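Structural overview
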Amino acid sequence: MHVPDGFLDAPTSLGTAVIAVGGVALALSRARRELDDRTAPLAGLVAVFVFAAQMLNFPVGAGTSGHLLGGTLAAVLVGPWTATLCLTVVLAVQALLFADGGISALGTNITLMALVGVWAGWLVFVGLRRLARSAGSKVVPALAGVAAFASVPLVALTFTAMYAVGGRAPIPLGDLVTAMVGWHALIGVGEGLITLLAVGSIIATRPDLVHGARGLIERRDLEIRTEVPA
Amino acid sequence: MGAGLGIHLHVEGESVVHKLPAHAKLVGLVTFVLLVVALPRDAHSARAALLLVAGAVVVSTRVPLRHVVSRLVVEVPFVVFALVLPFVATGPAMRLGPFTVSRDGVEASIALLLTATTSVLMAVAFATTTSSRDLVRALQHLRLPDRLVQILAFMVRYLGVVGSQAQRMKVARDSRAFRARSLGSWPVIASSAGALFIRSYERGERVHLAMMSRGYTGRMPVTDPLSATGRDWAVAHVPAVLALAALTAVYAA
């Protein structure tokens with residue numbers, strides 16, 4: 001999924017880099033609200049988690065396996081602004097220390113995965129949550145799963161749009177859209193299922209850590225029991 | 001999972017590339033790659049020449065070649081894409097052996113393969129000669145926003161810690177006869193991911209508290225600033241200057 005150097009032409013790479021810088025600058029100022037002064041250590045460790053989760057392969061069958069993009073998962077867990085920063089840092093480390101993803105395509109990759117991947121998933125999640133407000137926190141994993149599923153073809157569609165602007169070879173656009181979106185809808189099923197199950201297991205143990213479930217968790221009033229039953 | 005997390009690309013060494021200050025190296029790398037990408041599509045000979053330059057840089061790092069080749073694996077999906085390109089692209093057709101293919105597709109395919117390989121080689125040369133700590137110092141020196149640098153610093157610092165936690169969880173699963181084979185294994189993998197998140201987050205909280213109690217105010221002090229001489233900058237930009245020369249030659253022709 002990481003775009004290498006030379007895939008898109010130089011003006012498109014620079015254009016997406018400008019978008020990436022703008023998005024990350026905005027996220028830097030907004031993330032403070034989500035994590036107050038704990039931003040750096042916590043976002044750093046969430047970034048490590050995203051990095052590790054991307055290495056988590058799940059079997060797809062026929063000997064192949066897929067891996068998580070993690071944008072929606074991170075957004076639901078720590079909020080979209082922090083998730084944007086985490087994904088950005090993960091992509092920068094992958095490009096600079098692991099030679100994974102192009103250097104000149106770093107802006108493209110950040111735009112695709114840290115901006116579109118996180119925000120498409122988050123907006124779908126928020127929209128669904130508004131519709132299902134009365135259902136409480138039980139539906140949060142399912143909503144996160146659906147949002148994660150939707151985010152993958154949306155990222156693929158954005159990539160296709162970038163390719164239409166700055167691709168190096170003339171490929172009939174209709175075919176490319178069909179192939180990219182079709183294939184990534186399949187990958188999205190995996191992303192959605194893993195996100196659903198992972199958010200479900202976190203809500204079961206530490207519901208307070210799931211940013212997307214805030215305001216949906218039933219309040220439990222402090223109970224003071226003076227009498228101890230024998 | 002976990003495999004590869006502990007394996008940093010960095011290899012200790014004493015070569016010229018190792019000794020260059022990290023920020024000069026980083027600027028040189030980015031300039032070089034941008035210039036290579038800016039080459040027009042049919043400038044294949046210029047690209048091939050720059051591929052040799054990248055190869056020469058990799059050789060000058062004196063890192064074992066086996067180590068470099070194993071990193072080129074990240075390119076595989078795009079090699080596949082490049083091989084498919086001539087068959088799906090449109091435009092004037094040409095004959096290539098028994099096949100009829102698109103001329104534009106072939107051109108783009110060659111350009112993609114050469115560019116991607118050149119820049120992966122350069123990125124590997126950078127990654128193998130720069131420790132993660134030097135990368136953090138370089139980004140700090142280049143005035144990247146402080147909070148972004150800190151997040152990155154924490155990430156590279158705890159990569160190994162969380163990675164070995166993930167590895168221990170994998171050993172625990174394996175020793176209970178777990179094998180990731182079918183859809184039935186997904187809930188197990190997902191709850192592992194969930195547990196890993198909770199552990200990472202709680203570790204982050206503990207690290208933050210420990211830092212607060214040692215006087216952390218939201219900024220990391222620069223204890224050991226990087227410095228580069230004019231000669232360092234010049235050496236770090238040799239590939240970029242060659243790329244600029246190639247670009248000028250192509251546009252002049």
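As the structure is a computational prediction, the values presented were derived from the model and not from experiment. (Residues numbered from 1 in each chain as written. Chains lettered and ligands numbered in written order. Predicted model: local features only at pLDDT ≥ 70, side-chain atom pairs only at ≥ 80, totals over all residues.)

**What about the overall build of chain A?**
Put simply, the test is: Strands are runs of DSSP state E lasting at least two residues, helices are runs of H or I lasting at least four, and both sets are numbered from the N terminus onward. Note that the radius of gyration is over C-alpha atoms, with the globule rule given as 2.2 Å times the number of residues to the power 0.38. To sort residues by exposure, count the other C-beta atoms lying within 10 Å of each residue's C-beta; 20 or more gives buried, 12 or fewer gives exposed, and values between give partly exposed, all with C-beta atoms placed from the backbone. Residues are treated as contacting if the C-beta atoms built from their backbones sit within 7 Å of each other.
In terms of helices and strands, chain A carries seven helices and two strands. The N-to-C order of helical and strand elements in chain A reads α-α-β-β-α-α-α-α-α. What you see for chain A is a C-alpha radius of gyration of 19 Å, in line with the 17 Å of a compact globule of 230 residues. Taking the principal axes of its C-alpha atoms as reference, chain A extends roughly 80 × 40 × 35 Å. Buried residues in chain A amount to 57% of all 230 residues. Of the contacts formed within chain A by residues at least 6 apart in sequence, a portion of 75% connects residues at least 24 apart.

**Focus: unusual backbone geometry**
Residue and element names in this part refer to chain B. One non-glycine residue, R62, lies in the positive phi region at around 60°. Within the element layout of this structure, R62 appears in the loop between α3 (44-60) and α4 (65-71). Residue R143 is not a glycine yet carries a positive backbone phi of 65°. Locating R143 in the fold gives a position in the loop between α7 (132-141) and α8 (146-174). Among the residues examined, R143 registers 8 C-beta atoms within 10 Å and is labelled exposed.

**Quick look at helix α6 (residues 103-129) of chain B**
Test applied: Expected helix span is computed as 1.5 Å times (number of residues minus one).
For α6(B), with 27 residues, the first-to-last C-alpha span of 40 Å sits near the 39 Å given by 1.5 Å per residue. Counting buried positions over the 27 residues of α6(B) gives 23, a clear majority of the element.

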